[in-house]
Amino acid sequence: STSNIFENESKFEVNLYPNPSNGIFTLGLDGLNNNQIDISVIDVSGKIVYAKSMASNSNKLIVPMNISNTEDGVYFIRINAGTTITKRIVVSRN
C-alpha cells in the first residue's frame with residue numbers, strides 16, 4: 001500500500017482500490033488471523049454510513065464495497081479484525 005500512516009501497529013494489511021472511487025470499490029485484506037471481521041465506513045462528521053460484519057476462515061479476504069448512495073467526499077473505512085486499521089477513501093464522481 002502507498003501510505004502507512006494508519007498501519008504502523010497493524011498485523012494485517014488493507015488495500016483499497018480504486019481510490020478515489022465512485023463509491024464502488026474493493027477492499028483487500030491480507031494477513032488476517034481473526035475470523036470475525038467488522039467493517040464500518042464513517043463520514044467526516046463521524047456518522048457511520050455503512051457497516052458490515054463477516055466471518056473469514058482464510059487469511060485473505062476480498063470484500064466488494066458499495067457506498068455509492070453517499071455524497072462525494074472523504075470517508076474512513078475502519079476494519080476491526082483483532083486490531084483496528086483505518087483507511088481513507090475519496091468518493092468522487094467527476
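Data block above holds the structure.
Values in this document were obtained by computation on a predicted structure and should not be read as measured data.

## Focus on the nonpolar core
- The biggest cluster of nonpolar side chains holds 22 residues, and the ones touching the most others in it are Leu27, Leu29, Ile37, Ile39, Ile77 and Ile79.
- Listing elements by their share of this core, those giving two or more residues are strand S1 (13-17), strand S2 (24-30), strand S3 (36-43), strand S5 (60-66), strand S6 (73-81) and strand S7 (83-91).
- It is S6 that contributes the most residues to this core, 4 residues altogether.
- Setting aside anything within four residues of it in sequence, one finds Ile39 in contact with Leu27, Tyr50, Ala51, Lys52, Met54, Val63, Met65, Ile77, Arg78 and Ile79.

## Let's talk about the sheet that holds S3
- On the basis of which strands lie adjacent, the open sheet formed by 4 strands has the order S4-S3-S6-S7 and antiparallel pairing. On the outer flanks of this sheet lie strand S4 (48-55) and S7, each paired with one strand and no other. Ignoring which end each strand starts from, the neighbouring axes of this sheet average 15° apart.
- The pairing of S3 with S4 spans 7 bridges and is antiparallel. When the sheet's bridge partners are listed, Gln36 is paired in S4 with Ala55.

Calculation rules
Residues numbered from 1 in each chain as written. Predicted model: local features only at pLDDT ≥ 70, side-chain atom pairs only at ≥ 80, totals over all residues. Heavy atoms only, no water. Core = buried A, V, L, I, M, F, W, Y, C linked by side-chain atoms within 4.5 Å. Buried < 20%, exposed > 50% of the residue type's maximum accessible area, 1.4 Å probe, protein only. Helix = DSSP H or I, 4+ residues; strand = E, 2+ residues; numbered from the N terminus. Contact = heavy atoms within 4.5 Å. Pairing = 2+ DSSP bridges. Axes fitted to C-alpha atoms, helices over the stretch in contact; angles between N-to-C directions.

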